[in-house]
Amino acid sequence: MNELKQSITDKLNSHEETQRQLAYIQKAGEYVRKLEQELGHKPTCCVTTFGCQMNARDSEKLSGILERAGYELIEDEDADFVIYNTCTVRDNANQRVYGRLGHLNSLKKKNPHKKIALCGCMMQEPSVIEKIRQSYRFVDLIFGTHNIYKFAELLVNMFEADGMVIDIWQDTDQIVEDLPVERKYPFKSGINIMFGCNNFCSYCIVPYVRGRERSRSPRDIIREIESLVADGVVEVMLLGQNVNSYGKNLEEPMTFAQLLREIEKIQGLKRIRFMTSHPKDLSDELIQVMKESTKICRHLHLPLQSGSSRILNAMNRRYTKEQYLALAEKIRREIPDISITTDIIVGFPGEEPADVDETIDVIQKVQYDNAFTFIYSKRTGTPAAAMENQVPEEVVKEGFDRVLKVVQDTARERVSRLQGQTMEALVEEVNEQDASLLTGRLSNNTIVHFKGDKKLIGQIVPVYLKECHGFYYLGEAVK
Ligand code: SAH
Ligand code: SF4
Ligand code: F3S
């Protein structure tokens, strides 16, 4: 079959699959109504998300289907149905899930109607499934990352089955469009532009649990954003493990920068963000588009991982310290008001204090607005897990503390550069600690808290940046 025909067939299949799943939502709805009669109230459901923005977006898709099937969504694990959308990027993410499952079991003993489902990245690991099958027998449904679009069908299977339903796929090339989604925020939304990852950084489990890289068609992306904007969205976050390689596997290849140019044209859309950019694929064309854009936010998350070229090579990152520094310098030269943030791993196999010094050197040179620093976590099945020179815990801890201190000092200095300026903030929510304050986000991703009426939520308003407190500001609304 030639490529065009293949693509038309895929589209038809995708459309048919959407129709099938919509029918399953109806069917699941019948079970939910029956349950409602037994319970005497509308069944409640709680989706708990672990991990990154991809997972957060997936949870919105699960929520959309649950709501359509008749569940009331709540944020309380006492709910009649609890779903954990899991992450496995570091071992502590897995441990948190196991820890909390024990608590869910005790809740389930009190509520015989309670159902528990597990999905997400952790479920793609065979050893996890084995452990749950043996030690967590009270779980009702388990599925993975590749068949999440079949959630409605799986729900029906769960209602019809006696024991645990498990459905895990090794991979998929399907992208199913147009299923319901329930957004967390009415005014902003994540959008998947691609799925999976082909980079195989040697420490990372994501390519194994999320499969190969697949880009969505630009038409589907634009259509989704247009309908979100019509529904009140002003800010979008384009999501992919490596957005800079967007479009390479489309039948009509397109670059990420070209996609951004198209998205920029959408009327009514005010802000565009994206995550994550791999330094090896960041093009001059992208820098140019960002520079010329009035909608793309002044923020770039550019994961460094390590400042040592020797470690970067062992990590399979495919850039050197010098290349990274040159790239950061070019970005700052072209877009001076941009904030750069990063991810850093300390304790990769073979890392020595001198390598950590190199990482610190990069932090000081680049002047990040924020950096997420992680202790290396050994992930079974990745090349780094088999490396013999694992670093002793005390050495890792010492390096981690050194890096963290420099990150905090440089970020405080860097973020404070804006003190005394007035900048536009998108008001996101009422402050969790102090209900008299609102929390807003600047274009450069810095957070500002200020007094104001919650009617402003969802609006972009000017805020005077009065006092810098490390990574955030206290400000005042400008009348
Ligand atoms: N695709 C993104 C990152 C996704 S994972 C990118 O390439 O930038 C988010 C972050 O988790 C990574 O940037 C890395 O810093 C961290 N991470 C991934 N695997 C890890 C591991 N095994 N141990 C510690 N941190 C890890
Ligand atoms: Fe993991 Fe590297 Fe892919 Fe990011 S680019 S998801 S760190 S393998
Ligand atoms: Fe975690 Fe999966 Fe994201 S492993 S970081 S939730 S892609």
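Now for a quick tour of the structure. (Residues numbered from 1 in each chain as written. Chains lettered and ligands numbered in written order. Predicted model: local features only at pLDDT ≥ 70, side-chain atom pairs only at ≥ 80, totals over all residues. Heavy atoms only, no water.)

Now for the site of ligand 3. All residues adjacent to ligand 3 are Gly51, Cys52, Asn55, Cys87, Thr88, Val89, Cys121, Arg210 and Gln241. Here the residues of the shell around ligand 3 are counted per class, giving four nonpolar, four polar and one charged. (Near = heavy atom within 4 Å. Nonpolar A, V, L, I, M, F, W, Y, C, P; charged D, E, K, R; others polar.)

Right, let's get into the site of ligand 1. As a matter of local geometry, ligand 1 sits amid 15 residues, with Gln241, Pro303, Gln305, Asp343 and Ser377 nearest to it. Within the side chain of glutamine 305, a nitrogen or oxygen atom sits 2.7 Å from an oxygen atom of ligand 1. Within the side chain of aspartate 343, one N or O atom sits 2.7 Å away from an oxygen atom of ligand 1. Residue assignment for the shell around ligand 1 shows that the elements contributing at least two residues are strand 13 (339–346) and strand 14 (370–375). (Polar contact = N/O pair within 3.5 Å; in protein donor to acceptor, adjacent residues only side chain to side chain. Helix = DSSP H or I, 4+ residues; strand = E, 2+ residues; numbered from the N terminus.)

A separate point is the nonpolar core. One finds Ile225, Leu238, Phe256, Ile263 and Phe274 to be the most contacted residues of the largest nonpolar core, which totals 68 residues. The residues touching phenylalanine 274, leaving out its near neighbours within four places in the chain, are Met237, Leu238, Val243, Phe256, Leu260, Leu286, Met290, Ile296 and Leu300. Ranked by size, the runner-up nonpolar core spans 25 residues in total, among them Leu66, Tyr71, Ile83 and Met158. (Core = buried A, V, L, I, M, F, W, Y, C linked by side-chain atoms within 4.5 Å. Buried < 20%, exposed > 50% of the residue type's maximum accessible area, 1.4 Å probe, protein only. Contact = heavy atoms within 4.5 Å.)

Okay, the pairing of strand 3 (residues 81–86) next. For a regular strand, side chains alternate in direction, first toward one face of the sheet and then toward the other. When you tally the buried positions in strand 3, you get six out of six residues, the bulk of the element. The side-chain alternation of strand 3 yields two buried faces, one formed by Phe81, Ile83 and Asn85 and the other by Val82, Tyr84 and Thr86. The sheet contact formed by strand 1 (residues 44–49) and strand 3 spans five bridges and is parallel. Bridge pairing in strand 3 places threonine 48 opposite tyrosine 84. In this sheet, strand 4 (residues 115–120) lies alongside strand 3 in parallel orientation, the contact comprising six bridges. (Pairing = 2+ DSSP bridges.)

To continue, consider the sheet that holds strand 4. The sheet built from six strands is open, its strands ordered 2-1-3-4-5-6 with parallel pairing. Both edges of this open sheet fall to strand 2 (72–73) and strand 6 (165–167), since each of them pairs with a single strand only. Bridge count for strand 1 against strand 2 is two bridges, and the pairing is parallel. Each bridged residue has a counterpart across the sheet, and for cysteine 45 the counterpart in strand 2 is leucine 73. In the packing of helix 2 (residues 53–69) onto the sheet, contacts are made with strand 1, strand 2, strand 3, strand 4 and strand 5 (141–143), and the angle to strand 1 comes to roughly 170 degrees. On the sheet, helix 5 (residues 151–160) packs against strand 3, strand 4, strand 5 and strand 6 and is oriented at approximately 150 degrees with respect to strand 5. (Axes fitted to C-alpha atoms, helices over the stretch in contact; angles between N-to-C directions.)

Before going further, it helps to spend a moment on the sheet that holds strand 11 (residues 271–275). What the three strands build is an open sheet, ordered 7-10-11; its pairing is parallel. Sheet topology places strand 7 (188–192) and strand 11 at the edges, where each strand pairs with a single neighbour. Between one strand and the next, the sheet's axes are offset by a mean angle of 25 degrees, whatever the strand orientation. Note that strand 7 and strand 10 (residues 235–239) share five bridges and pair parallel. Of the residues in strand 10, the one forming a bridge with glycine 190 is methionine 237.

What follows covers unusual backbone geometry. Cis geometry is adopted by the peptide bond preceding threonine 276, which originates at methionine 275 and carries an omega value of 0 degrees. Secondary-structure assignment places threonine 276 in the loop between strand 11 and helix 9 (284–292). In the Ramachandran plot, phenylalanine 200 falls in the positive-phi region, its phi being about 50 degrees despite a non-glycine side chain. With respect to the helices and strands, the residue phenylalanine 200 is situated in the loop between strand 8 (194–195) and helix 6 (206–210). Of note, asparagine 316 is a non-glycine position whose phi angle comes to about 60 degrees, a positive value. With respect to the secondary-structure elements, asparagine 316 resides in the loop between helix 10 (309–314) and helix 11 (321–334).

Geometry only, nothing functional implied.
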